[in-house]
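# Survey of secondary and tertiary structure
Take a look at the letters that make up each chain.
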Amino acid sequence: MSEDVRDDAGVAEIDATKPPRPTETLDVLALCADATDRLLDALERLDDNEVRWSWWSADQTVGFTRRMQTFEATMHRIDAEITAGVASNPMAPGVAAGAVDHAVDVMWGWMPEWATYERSALVDARATDTADHWLIEVGRWFGTGPESGNEFDEPRAVRVSTGDADIHVSATVEQLARWAWTRGRVVEVDGDGSGQRALDALISAGMQ
């Protein structure tokens, strides 16, 4: 972001000049701290609507990176707490709701142009402590990769605006975020067997 990179070529140039990965833990931590400081400095200076490269072609803005890094950092903070065996600090409600938004609108919806999509169920996910809710169509995409020749059969989900839900999921907004990002499954799920299996497949697959 600080170098105003807007295309894959610019990203490749930066990758080609990145420093070697240190072998000592303290050196890794120092490199991480420096990168974090540079990221925060760029986010402080730039508006969300400014154009910058991101790996998601639908949103090439600083705002996408700000959101993505917020959710990534939050979930990896939870990972560290789980690994250390300490109590997990709470997630801000707005961050938790945004993490579910990001799962539904970015992380779960991708499929290649050559694939076939098949709908399985409609899921209504609702937060019990806020007004947030999501209507999510769950299904799968499948087909043969034209270049690799490999067969694919992967879960997928997209946000929809209307429909009668087959599955109902409820929990606090933080628990919904943890569930969507596979950092906990303290949610209540009601619905039919086939829809439940499709939803379980989506969550078990993790983020693509």
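Residues numbered from 1 in each chain as written. Predicted model: local features only at pLDDT ≥ 70, side-chain atom pairs only at ≥ 80, totals over all residues. Heavy atoms only, no water.

### Describing the nonpolar core
Where we set the bar: Only buried Ala, Val, Leu, Ile, Met, Phe, Trp, Tyr and Cys residues count toward a nonpolar core, and they belong to the same one when joined by side-chain atoms within 4.5 Å. Buried, partly exposed and exposed residues are distinguished by accessible area as a fraction of the type maximum, computed with a 1.4 Å probe on protein chains only: under 20%, between the cut-offs, and over 50%, respectively. A run of DSSP states H or I qualifies as a helix once it reaches four residues; a run of E qualifies as a strand once it reaches two. Both are numbered from the N-terminal end. We call two residues contacting when some pair of their heavy atoms lies within 4.5 Å.
Formed by 36 residues in total, the largest nonpolar core has its most connected members in Trp 108, Trp 134, Ile 136, Val 169, Leu 176 and Leu 199. Those elements that place two or more of their residues in this core are helix H3 (62–84), helix H4 (93–107), strand S1 (116–127), strand S2 (133–144), strand S4 (167–171), helix H5 (173–180) and helix H6 (193–205). Of all the elements, H4 adds the most residues to this core, at 8 residues. For Leu 176, the contacting residues outside a window of four places in its chain are Val 100, Arg 126, Ala 127, Trp 134, Val 169, Ser 170, Ala 171 and Val 187.

### Quick notes on the side chain of Arg 183
Relative to the helices and strands, Arg 183 is located in the loop between H5 and strand S5 (188–191). Using a relative accessible area of 19% as the deciding quantity, one classes Arg 183 as buried. Those residues in contact with Arg 183, other than ones at most four positions away along the chain, are Met 75, His 76, Ile 78, Asp 79 and Arg 178.

### Thoughts on the pattern of salt bridges
Using the following cut-off: Between Lys or Arg on one side and Asp or Glu on the other, a salt bridge is scored when a side-chain nitrogen of the former is within 4 Å of a carboxyl oxygen of the latter.
This structure, assessed with the given rule, holds 15 salt bridges. For Arg 119, the salt bridge goes to Glu 137, with nearest N and O atoms at 3.7 Å. Here Arg 119 is found in strand S1, whereas its partner Glu 137 is found in strand S2, with 18 residues between them in sequence. Ionic contacts of the salt-bridge type, sharing partners, join the residues Asp 4, Arg 6 and Arg 52 into one network.

### Remarks on the sheet that holds S4
Strands pair in a sheet through their backbones, by hydrogen bonds, and they do so in one of two ways: parallel or antiparallel. What counts, and what does not: Strand pairing is assigned whenever DSSP detects at least two bridges linking the two strands. Lines fitted to C-alpha atoms define the axes here, with helix axes fitted over just the stretch in contact, and angles between the N-to-C directions of these axes take values from 0 to 180 degrees.
Strand order in the open sheet made by the 5 strands is S3-S2-S1-S4-S5, with mixed pairing throughout. The strands lining the two open edges of the sheet, one partner per strand, are strand S3 (151–159) and S5. Across this sheet, the average inter-strand angle for adjacent strands is 25°, counted without regard to direction. With 10 bridges connecting them, S1 and S2 associate as antiparallel partners. For Tyr 117, the partnering residue across the bridge sits in S2 and is Trp 141. Its contacts with the sheet place H5 against S1, S2 and S4, and it is angled at close to 120° to S4.

### Overview of the packing of H4 against H5
Here is the rule we go by: The sense of a crossing depends on the near helix, which, turned anticlockwise from the far helix by less than a right angle, makes the crossing left-handed and, turned clockwise, makes it right-handed. Under this grouping Gly is polar, as are all residues other than the nonpolar Ala, Val, Leu, Ile, Met, Phe, Trp, Tyr, Cys and Pro and the charged Asp, Glu, Lys and Arg.
At a closest axis distance of 8 Å, the pairing of H4 and H5 adopts a crossing angle of 35°. When the axes of H4 and H5 are compared, the crossing they make is left-handed. Across the interface between the two elements, Pro 93, Ala 96, Ala 97, Ala 99, Val 100 and Ala 103 of H4 pack against Val 173, Glu 174, Leu 176, Ala 177 and Ala 180 of H5. For the contact of H4 with H5, the residue count by class is 10 nonpolar, no polar and 1 charged.

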